Amino acid sequence: MSLVPFPFKSGTTPTIFERSQPGRTGTAMTRPDVPTRPLPELIPQRHLRASPPRLPEVPEHEVVRHYTEISLKNHHVDRALYPLGSCTMKHNPKVNEQLARLSGFAGLHPFTPVGAVQGALGLMYELGQLLVEIAGMDACSLQPAAGAQGELTGVLLMRAYHQSRGEAGRRRVLIPDSAHGTNPATVALAGFEVVELKSNEAGRLSVRALREALDDRVAGLMLTNPNTLGVFESAILEISELVHQAGGLMYMDGANLNALTGVARPGDMGYDIVHFNLHKTFSTPHGGGGPGAGPVAVRSHLEPFLPMPTVAADGGGYVLDWDRPLSIGRVHGFYGNFGVLVRAYTFIRMLGRSGIREMAEAAVLNNAYLSARLEERFPLPYGRGMHESVFSGTELKRRTGVKTLDVAKRLLDYGFHAPTVYFPLIVSEALMTEPTETETKEELDRYVEALLSIAAEAEEDPEIVTAAPHVTPVRRLDEGRAGRELDVRWHFPGEPREG
Ligand SMILES: *Cc1c(COP(=O)(O)O)cnc(C)c1O
């Protein structure tokens, strides 16, 4: 495979501010024939600008070009494969967007009386029912705004449950060492104590370590299934039984549900609580920090504690149920990120019962294919995963000095987003790859060829890889500083960066 040359030198295309010329406009507005009062009469003097804002003065097509141009400066799922493990970067069907934009949905005000928003409430109610069925649970709250907030809600549910039974002393939450970082963060934020459990050689939770950790201080176990290695926790029934016998609750981080939908259900595995990442499994554009949704479903013994209000069916219609004396309260302003709920509902209804199952099967098949093609060059310390696999770059690094980070950067030159790297922590030089069900075989082959070609480059001319990326608008960034001192605003030449 040869590299497609980048059509222009990075950073040379003028920004919208540089394209600006005084007096140039994009639209011709008709002068209003209604008498208007001068602004100063309506707005107090002290709120008026001293000088006009420095807005770009450009015609419409320059605006369009500007946005098209910046959309190409970054990688996104509408450009090519985006195999970021654990994040499930699948195609987001455009019909989801059309439905979420219907004015009856998009124009709703959260204070609209319940009687006038029956359609929206009906959608929320039905979505809750669908999620409950997919997870094998009994009840659901759609409020949490993301997976991490779903986790927090889940741990608060654990707390409320134990308190209601006079067991407030249960303040420990068990978490395997392969867990996503949000799991321990959630537990700490809820004021609980994290107890880390070792994984065994197969990458599964060690049942022996679990037995040793279980006592009357344990509130519950948080366990992703399949776990972050993509490995199914095949002892799950025994694990659930042990945790329940010890008086604890089972929490499933449902971020990996894409491997299971329509095939296996957390409720049948003994889980009491599960969160969904609707933006992952059920397709909403995500990854830019935009809105997500992390609904939480529970078994009936936890239902009284769910956040309020819940959406309930009442006679022929729907109501918001505030009469929930044991509820942990609200976890989100109003009712959750409604636009994401519309997209997930659309997606699930479009697929239907059999489609939901095919989705998981195809996600697992795609990953099996990818893993089989790559494992000779990039070993899999814990074997092929279900919907994602964690390759190790240790062997490549030992032989060539090329690190996983370099491989990830070089992939950008080939037009792909990198997989998740250096996570989970128990795999050294980890490349955690999740192809999702929406990629074609040809696209998976392109990705495999790119990785194999990078491995060959590492042997022959490692500097090409260690100096990558070469063709992106910016080269390697100081990611630590970018995180701490995020600055995404345009600055005029000479304008100070502060303020
Ligand atoms: C993405 C993810 C989370 C966090 O979900 P957000 O929606 O990003 O808050 C938690 N656990 C796992 C395993 C994940 O992949």
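Keep in mind that what you see is a predicted model, and the values were worked out from it rather than measured.

Visitor: Can you walk me through the site of the ligand in this structure?
Guide: Contacts to the ligand come from Ser86, Ala146, Gly147, Ala148, Glu151, His180, Thr182, Asp253, Ala255, Asn277, His279 and Lys280. In the environment of the ligand, an oxygen atom lies 2.7 Å from a nitrogen or oxygen atom belonging to the side chain of His279. In the complex, the protein chains occlude 87% of the 380 Å² of accessible area that the ligand would expose alone. Those elements giving two or more residues to the shell around the ligand turn out to be α6 (147-164) and α10 (278-281). Partitioning the shell around the ligand into residue classes produces 3 nonpolar, 6 polar and 3 charged.

Visitor: How should I be thinking about the pairing of strand β3 (residues 193-197) in this particular structure?
Guide: On a regular strand, one side chain projects to one face of the sheet and the next to the other, so that they alternate. Where strand β2 (residues 172-176) lies against β3, 5 bridges are found, and the strand directions are parallel. Its bridge partner being in β3, Ile175 is matched across the sheet by Glu196. This β-α-β element, β2 to helix α7 (residues 182-189) to β3, shows right-handed connectivity.

Visitor: Teacher, can you tell me more about the domain arrangement of the protein chain here?
Guide: A common way to state how big an interface is: give the accessible area lost once the parts meet. Domains assigned within the protein chain are domain 1 (16-73), domain 2 (96-350) and domain 3 (353-484). In this structure, domain 1 and domain 2 have C-alpha centres spaced 45 Å apart.

Visitor: What's the story with the pattern of salt bridges in this structure? I'm lost.
Guide: Side chains that carry opposite charge are capable of pairing whenever their charged atoms lie near each other. A complete count under the given rule lists 32 salt bridges for this structure. Note that Glu437 and Lys90 form a salt bridge whose closest N and O atoms lie 2.8 Å from each other. Taken together, the residues span a long stretch of sequence, with Glu437 in the loop between β12 (430-433) and α14 (441-460) and Lys90 in the loop between α2 (60-71) and α3 (94-100) at a distance of 347 residues. Judged by its relative accessible area of 14%, Glu437 is buried. When the shortest N-O distance is used, the salt bridge between Asp445 and Arg373 registers 2.9 Å. Here Asp445 is found in helix α14, whereas its partner Arg373 is found in helix α11 (residues 338-374), with 72 residues between them in sequence. Look at Asp445 and you get buried, because its relative accessible area is 15%. Salt bridges sharing partners connect three or more residues here, namely Arg377, Glu395, Arg398, Arg399 and Glu459.

Visitor: Would you mind showing me how to read the sheet that holds strand β11 (residues 420-421) here?
Guide: Two strands in a sheet stick together by hydrogen bonds in their backbones, pointing the same way (parallel) or opposite ways (antiparallel). In spatial order, the strands read β10-β12-β11; together these 3 strands make up an open sheet with antiparallel pairing. Each of the sheet's edge strands pairs with one partner strand only, and the pair in question is β10 (389-392) and β11. Summarising the sheet, β10 and β12 pair through 4 bridges and their orientation is antiparallel. Directly across from Val390, in β12, lies its bridge partner Met432. In the packing of α11 onto the sheet, the strands contacted are β10 and β12, and the crossing angle to β10 comes to about 15°.

Visitor: Honestly, the side chain of Asp177 in this entry has me stumped. Any pointers?
Guide: Along the chain, Asp177 turns up in the loop between β2 and α7. The side chain of Asp177 is buried and forms no salt bridge, while Lys198, the nearest opposite charge, is found at 4.1 Å. Side chain to side chain, Asp177 and Ser199 meet in a polar contact 2.5 Å long.

Visitor: Looking at this model, I keep getting lost on a nonpolar patch on the surface. Mind explaining?
Guide: Residues Leu39, Leu42 and Ile43 make up a contiguous nonpolar surface patch of about 260 Å² in total accessible area. Relative to the assigned elements, Ile43 resides in the loop between α1 (39-42) and α2. Overall, Ile43 belongs to the partly exposed group, its relative accessible area being 31%.

Conventions used here
Residues numbered from 1 in each chain as written. Predicted model: local features only at pLDDT ≥ 70, side-chain atom pairs only at ≥ 80, totals over all residues. Heavy atoms only, no water. Near = heavy atom within 4 Å. Polar contact = N/O pair within 3.5 Å; in protein donor to acceptor, adjacent residues only side chain to side chain. Areas by Shrake-Rupley, 256 points an atom, 1.4 Å probe, with all protein chains shown as cover. Helix = DSSP H or I, 4+ residues; strand = E, 2+ residues; numbered from the N terminus. Nonpolar A, V, L, I, M, F, W, Y, C, P; charged D, E, K, R; others polar. Pairing = 2+ DSSP bridges. Right-handed = clockwise from strand over helix to strand, strands pointing away. Domains from an automatic or database assignment. Salt bridge = Lys/Arg side-chain N within 4 Å of Asp/Glu carboxyl O. Buried < 20%, exposed > 50% of the residue type's maximum accessible area, 1.4 Å probe, protein only. Contact = heavy atoms within 4.5 Å. Axes fitted to C-alpha atoms, helices over the stretch in contact; angles between N-to-C directions. Lys, Arg positive; Asp, Glu negative; His and termini not counted. Patch = residues over 30% accessible without salt bridge, like charges linked within 9 Å, V, L, I, M, F, W, Y side chains within 5 Å.

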